[in-house]
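# Descriptive structure summary
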Amino acid sequence: MQAKTSLAAYTQLEKKSKVTNMLLRWFLYFVLILFASYFIFPLYVMIVTSLKTMEEIRQGTLLTLPSELNFDSWAVAWEGRGYGAGDTFLKPYFWNSIKMVVPAVFFSTFIGAMTGYVLTKWRFKGDSWVFLFLLFGCFIPFQAILLPMARTLGVLGISNSILGLVVVHTVYGIPFTTLFFRNYYVSVPTELVKAARIDGAGFFKIFFKILLPISAPIIVVTVIWQFTQIWNDFLFGSTFSFGKAAPIQVALNNMVLSSTSVKEYNVDMASAIIAGIPTLIVYVLAGKYFIRGLTSGAVKG
Amino acid sequence: MFKWLEKNLPKVVLAPAVGLISWFVYGFVLWTFYISFTNSKILPRYELWGVGNYAKLWASHKWLIAVENLFVFTSLFLIFCTVIGIVLAIFLDQKIRAEGVLRTIYLYPMALSFIVTGTAWKWILNPSLGIQKMFIDWGFENFTFDWLVNREMAIYTIVIAGVWQSAGFVMALFLAGLRSVEDEIVKAAKIDGASLFTVYWKILLPMMRPVFFTSFVILVHISIKSYDLVVALTQGGPGISTTMPAMYMTQTAFHKSQVALSATSAIMMFMAVAAVIIPYLYSELRRENAS
């Protein structure tokens, strides 16, 4: 009875406010689209600029479309102009980044999965302190470890090398990967593990037979997170490498800042797009997992 | 031996992570802390020298500018990201058509590096061919927008680009928060005659306290560490007008070879982050234990 009256009151209320509602919705869409243009604007400008000639850039404005699709700047950004010294282009650095990202993502994800597994399914006294101990690593400002890290890489003989960057990114990825896997495995019923232990399954068998098969979503989240972080890193790349061993973000920055010749904004923009495209593709294809990583990395990281 | 291994296998597997983090995080921070009390120049020296570097740092004109910039940047970055994030989240929560597309647009900058972002905005904001020229060509002949090369205003260009990069992230956090609230609460309030505005202002936003807290911590964290964006957009210039602590630290270490002074600035940054993070971790952990 009660429920019926309140429902009626509710529908009446809904009707009364129809006109205001419509105005409100127009306003809503207006604001949402306004912000959408603010967010899309730089990407649009980057793309159209990269397709124009310098002549067109000087004559038109940021928004004018190129007269024809001209991919010359992209070729210059990727392969250079072909005159030896001083000709910087992104291709070798793009591969540097790939060679750096793939092993670093693999190792940090693997270590994180193992650590998360132990911390949730083989609990021991003080395990939550161990977790907290690792978790704090997510937050330290890396400036506090730059100097000793530079020396350590020197002592190990891997400064200014891709291997050095792989080590750095693996180590400082562990807190995050541990966080992801730990939070995921915590929701897997421990009874499953207990039953398997009674049946005589060992530590690794339980991991590979029970946990790994259901880990696909969290592996995707972790891999995307680590990939994005490492691909986009500039601080480590610029501190621990230079010249030929630099990753792409460092190369992009050097290219844009080089003041040797006339500023070619079209090449700059093409370079920026090339440096941003891998993470952008991942975002478009797997946005759901990207956001999950962001929010769960954020909620406690 | 085999028995021991079998019994302690979990701890053995845990060892690499704990060992690496102990050494590379805690050990390194302690090393940096120690060095800040020495008189190291190009190479680290280990005899203690006292707190001289801390005095020197806080007497340094450039460091004071960096700290001031950090305060300006952090407060504006926080305010704009939070306000824009909340507005977008609430608006998107109104059963909007094409919500997925809009959400994707708001959040994609998070997938880009600060170097890419900085490069793009540097081009957009450059006075000779960027936005300024656009408005002049449109007929606003006296339009000037030269913040990028203006000592007083350059710091705000970093805010513009930073907000562009991170506001969508706050939106995602709040949207997730709003979606986790039971529909019944909103309906009940509407039946009681509450307007939509009241529902959000009086009921839903107060419920979002943990989300406010989280996004505050993350944003402050991002801004204290911000380095790449400054490098790509202004290189700390014009002059030293947009230097930030992270930039001061690397420049002092690697260009000026003042290792101890640089370590000191790194420790100041570390303490600033710790002051925000430790209470946060503490409350998060308590919440988790309570549930």
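Residues numbered from 1 in each chain as written. Chains lettered and ligands numbered in written order. Predicted model: local features only at pLDDT ≥ 70, side-chain atom pairs only at ≥ 80, totals over all residues.

## Section: the overall build of chain B
For chain B, the helix and strand inventory stands at 13 helices and zero strands. Its helices and strands taken in sequence order, chain B reads α-α-α-α-α-α-α-α-α-α-α-α-α from the N to the C terminus. Its C-alpha atoms put chain B at 75 × 70 × 35 Å along the principal axes. Taking all 291 residues of chain B together, the buried fraction comes to 42%. (Helix = DSSP H or I, 4+ residues; strand = E, 2+ residues; numbered from the N terminus. Buried ≥ 20, exposed ≤ 12 C-beta atoms within 10 Å, placed from the backbone.)

## Looking at the overall build of chain A
The number of helices and strands found in chain A is 15 helices and zero strands. Its C-alpha atoms give chain A a radius of gyration of 26 Å, more than 25% over the compact-globule value 19 Å for 301 residues. By principal-axis analysis of the C-alpha atoms, chain A measures approximately 75 × 70 × 35 Å. Residues counted as buried form 45% of the 301 residues belonging to chain A. Here the contacts in chain A between residues at least 6 apart in sequence split such that 75% fall between residues at least 24 apart. (Rg over C-alpha atoms; globule rule 2.2 N^0.38 Å. Contact = placed C-beta atoms within 7 Å.)

## Describing the nonpolar core
Membership of the largest hydrophobic core comes to 171 residues, with the highest contact counts inside it found for Leu-90, Ile-140, Ile-145 and Leu-252 of chain A together with Met-171, Phe-174 and Met-269 of chain B. At 16 residues, the largest contribution of residues to this core is made by helix H7 (residues 154-179) of chain B. Here this core gathers at least three residues from each of two domains, domain 1 (2-70) and domain 2 (91-299) of chain A. Setting aside anything within four residues of it in sequence, one finds Ile-145 of chain A in contact with Ile-140 of chain A together with Phe-24, Val-25, Phe-28, Val-29 and Thr-32 of chain B. (Core = buried A, V, L, I, M, F, W, Y, C linked by C-beta atoms within 7 Å. Domains from an automatic or database assignment.)

## A look at the environment of Asn-69 of chain B
Residues and elements named next belong to chain B. Mapped onto the elements, Asn-69 comes out in helix H3 (residues 61-92). For the pair Asn-69 and Thr-243, spaced 174 residues apart in sequence, the C-alpha to C-alpha distance is 7.1 Å. Apart from the residues lying within four places of it in its own chain, the contact partners of Asn-69 are Ile-155, Thr-242, Thr-243 and Met-244.

## Looking at the domain arrangement of chain A
Residues and elements named next belong to chain A. Partitioning chain A into domains gives domain 1 (2-70) and domain 2 (91-299). Placing a centre on the C-alpha atoms of domain 1 and another on those of domain 2 gives a separation of 35 Å. If you list the elements that add at least two residues to the side of domain 1 that touches domain 2, you get helix H2 (18-51) and helix H3 (54-59). Among the elements that take part in the side of domain 1 that touches domain 2, H2 stands out by supplying four residues, more than any other.

## Side note on the packing of helix H5 (residues 91-121) of chain A against helix H11 (residues 216-232) of chain A
All names here are of chain A. At a minimum axis distance of 9 Å, the contact between H5 and H11 shows a crossing angle of 140°. The angle between H5 and H11 places the two elements in the oblique class. Crossing geometry of H5 relative to H11 is assigned as right-handed. Facing H5, whose interface residues are Ser-97, Met-100, Val-101, Ala-104, Val-105, Ser-108, Thr-109 and Gly-112, H11 presents Ile-219, Thr-222, Val-223, Gln-226, Phe-227, Ile-230 and Trp-231. The residue makeup of the contact of H5 with H11, split by class, is nine nonpolar, six polar and no charged. (Axes fitted to C-alpha atoms, helices over the stretch in contact; angles between N-to-C directions. Parallel < 35°, antiparallel > 145°, perpendicular 65-115°, else oblique. Left-handed = near helix turned anticlockwise from the far one by under 90°. Nonpolar A, V, L, I, M, F, W, Y, C, P; charged D, E, K, R; others polar.)

## Describing helix H12 (residues 245-255) of chain B
For H12 of chain B, the tally of buried residues reaches eight of eleven residues, placing the bulk of the element in the interior. Where H12 of chain B is buried, its residues touch helix H7 (143-156) and helix H12 (235-240) of chain A together with H3, helix H10 (209-225), helix H11 (228-233) and helix H13 (259-290) of chain B. Two residues or fewer after H12 of chain B comes Ser-257 of chain B, characterised by a positive phi angle close to 55°.

## Structural notes on the interface of chain B and chain A
The figure often quoted for interface size is the accessible area lost as the parts come together. Across the contact, 78 residues belong to chain B and 72 residues belong to chain A. Ranked by the residues each element gives to the side of chain B that touches chain A, the list is headed by helix H1 (residues 2-35) of chain B, at 16 residues. By residue class, the composition of the side of chain B that touches chain A is 61 nonpolar, eleven polar and six charged.

## Structural notes on unusual backbone geometry
Residue and element names in this part refer to chain B. If you check the backbone angles, Lys-95 has positive phi at about 50° while not being a glycine. When you line up the elements, Lys-95 lands in the loop between H3 and helix H4 (99-107). Judged by the 7 C-beta atoms lying within 10 Å of it, Lys-95 falls in the exposed class. At Ser-257, a position not held by glycine, the phi torsion is positive, near 55°. Relative to the helices and strands, Ser-257 resides in the loop between H12 and H13.

## Some thoughts on the packing of H7 of chain B against H10 of chain B
The packing of two helices is summarised by the inter-axis angle and the distance between the axes. All names here are of chain B. At a closest axis distance of 10 Å, the pairing of H7 and H10 adopts a crossing angle of 160°. Between H7 and H10, the crossing angle belongs to the class labelled roughly antiparallel. The way H7 lies across H10 gives a crossing that is right-handed. Residues Ser-166, Val-170, Leu-173, Phe-174 and Gly-177 of H7 touch H10, and the partners they reach there are Val-211, Thr-214, Ser-215, Leu-219 and Ile-222.

## Regarding the confidence of the model for chain B
Interpretation of this model should avoid reading the predicted coordinates in detail wherever pLDDT is low. Residues and elements named next belong to chain B. Averaged over all residues, the pLDDT of chain B equals 89, while 100% of them reach at least 70. Confidence, expressed as mean pLDDT per element, reaches its minimum in chain B at helix H8 (residues 183-191) with 82 and its maximum at H3 with 94. Two summary scores accompany this predicted model of the complex, namely pTM at 0.89 and ipTM at 0.89. (pLDDT = per-residue confidence, 0-100.)

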